[in-house]
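Descriptive structure summary
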Amino acid sequence: MIEGSTINIRHASKSDLATLMPLMNDLKARGEYLPSSLFAPASIEKSIDATGGSSGDDERFLIVDKEDRILGRIWHFKAGPYFNAREIGYILFAVDKRGSGMTSEAVRLLTSYLFQSLMINRLEIKMDVLNIASEKVAVKCAYQKEGVARGAAFIRGKHIDMNVYSLLRSDWEADKNYVSNPSRPATPS
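Quick caveat: nothing in here was measured; it's all calculated off a predicted structure.

About the criteria used
Residues numbered from 1 in each chain as written. Predicted model: local features only at pLDDT ≥ 70, side-chain atom pairs only at ≥ 80, totals over all residues. Heavy atoms only, no water. Buried < 20%, exposed > 50% of the residue type's maximum accessible area, 1.4 Å probe, protein only. Helix = DSSP H or I, 4+ residues; strand = E, 2+ residues; numbered from the N terminus. Pairing = 2+ DSSP bridges. Salt bridge = Lys/Arg side-chain N within 4 Å of Asp/Glu carboxyl O. Contact = heavy atoms within 4.5 Å. Right-handed = clockwise from strand over helix to strand, strands pointing away.

1. Considerations on the pairing of strand S5 (residues 85–92)
Among the eight residues in S5, eight count as buried, and that is most of the element. Neither face of S5 is exposed, since Ala85, Glu87, Gly89 and Ile91 on one face and Arg86, Ile88, Tyr90 and Leu92 on the opposite face are all buried. Across seven bridges, strand S4 (residues 70–78) lies against S5 in antiparallel orientation. Bridge assignment links isoleucine 74 to a residue of S5, and that residue is tyrosine 90. Here S4 folds back onto S5, and the loop between the two strands holds six residues. Sheet analysis places S5 next to strand S6 (residues 122–128), joined by four bridges and oriented parallel.

2. Describing the pattern of salt bridges
Scanning all chains against the criterion turns up nine salt bridges. For the salt bridge of aspartate 65 with arginine 69, the shortest nitrogen-to-oxygen distance reads 2.8 Å. Taking relative accessible area as the criterion, aspartate 65 reaches 9% and is therefore assigned buried. Connected via shared salt-bridge partners are Glu87, Arg122, Glu124, Lys126 and Glu146.

3. Topic: the environment of alanine 40
Take alanine 40: it is sitting in the loop between helix H2 (27–30) and helix H3 (41–51). Using a relative accessible area of 40% as the deciding quantity, one classes alanine 40 as partly exposed. Remark: the alpha-carbon pair of alanine 40 and tyrosine 165, spanning 125 residues in sequence, is separated by 30 Å.

4. Concerning the environment of arginine 73
Topologically, arginine 73 is positioned in strand S4. Separated by 50 residues in sequence, arginine 73 and leucine 23 place their C-alpha atoms 10.0 Å apart. Discounting residues that sit within four places of it in the chain, arginine 73 has contacts with Leu20, Met24, Phe39, Arg60, Phe61, Leu62, Ile63, Gly89, Tyr90, Ile91 and Phe93.

5. Comments concerning the pairing of S6
Burial of S6 is extensive: six of the seven residues sit out of reach of the surface. Taking the sense of rotation as the criterion, the β-α-β connection linking S5, helix H4 (residues 102–117) and S6 turns out right-handed. Of the pairings in the sheet, the one linking S6 to strand S8 (residues 158–168) comprises seven bridges and is antiparallel in character. The residue of S8 that forms the bridge with aspartate 128 is methionine 162.

Right under this line is the structure:
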């Protein structure tokens, strides 16, 4: 488990599935910016049984409060076949907790975990250009905007443009807040 000041990040277990599956398949709570495909409970259970939700190319965590209630999910995966990078994705199911800084804390914790445990040089966060809340998370976590990938994702029946943000290992190492206390906001640049 990765412990933060207001939330923790941990792998899912089979005992989480009864709570997790309805949250993952609630399209309304998922919001308008994530794909509308549904998750099959059997495939999620099989993944947890086989790998605990982790493999060499991706890793999936739960965002939980200090009482271990599931608030959301955060994950990373290989950004491209030749990139020395990982892409981070996230969702906070707890609509009433959105805007509270929990997602930013989860991203900061995962960012530090990845740079400390993998020999990667780059992390990326991509979001629909209309997803202002997700863009605020990237900025708050010191990721830098690189541009817009036009027509890059197919979400809810249409191709959409995606903002591309990144953080390099050297940026992370230079930010004293990330290194000393990843739960705290990144130093503004």
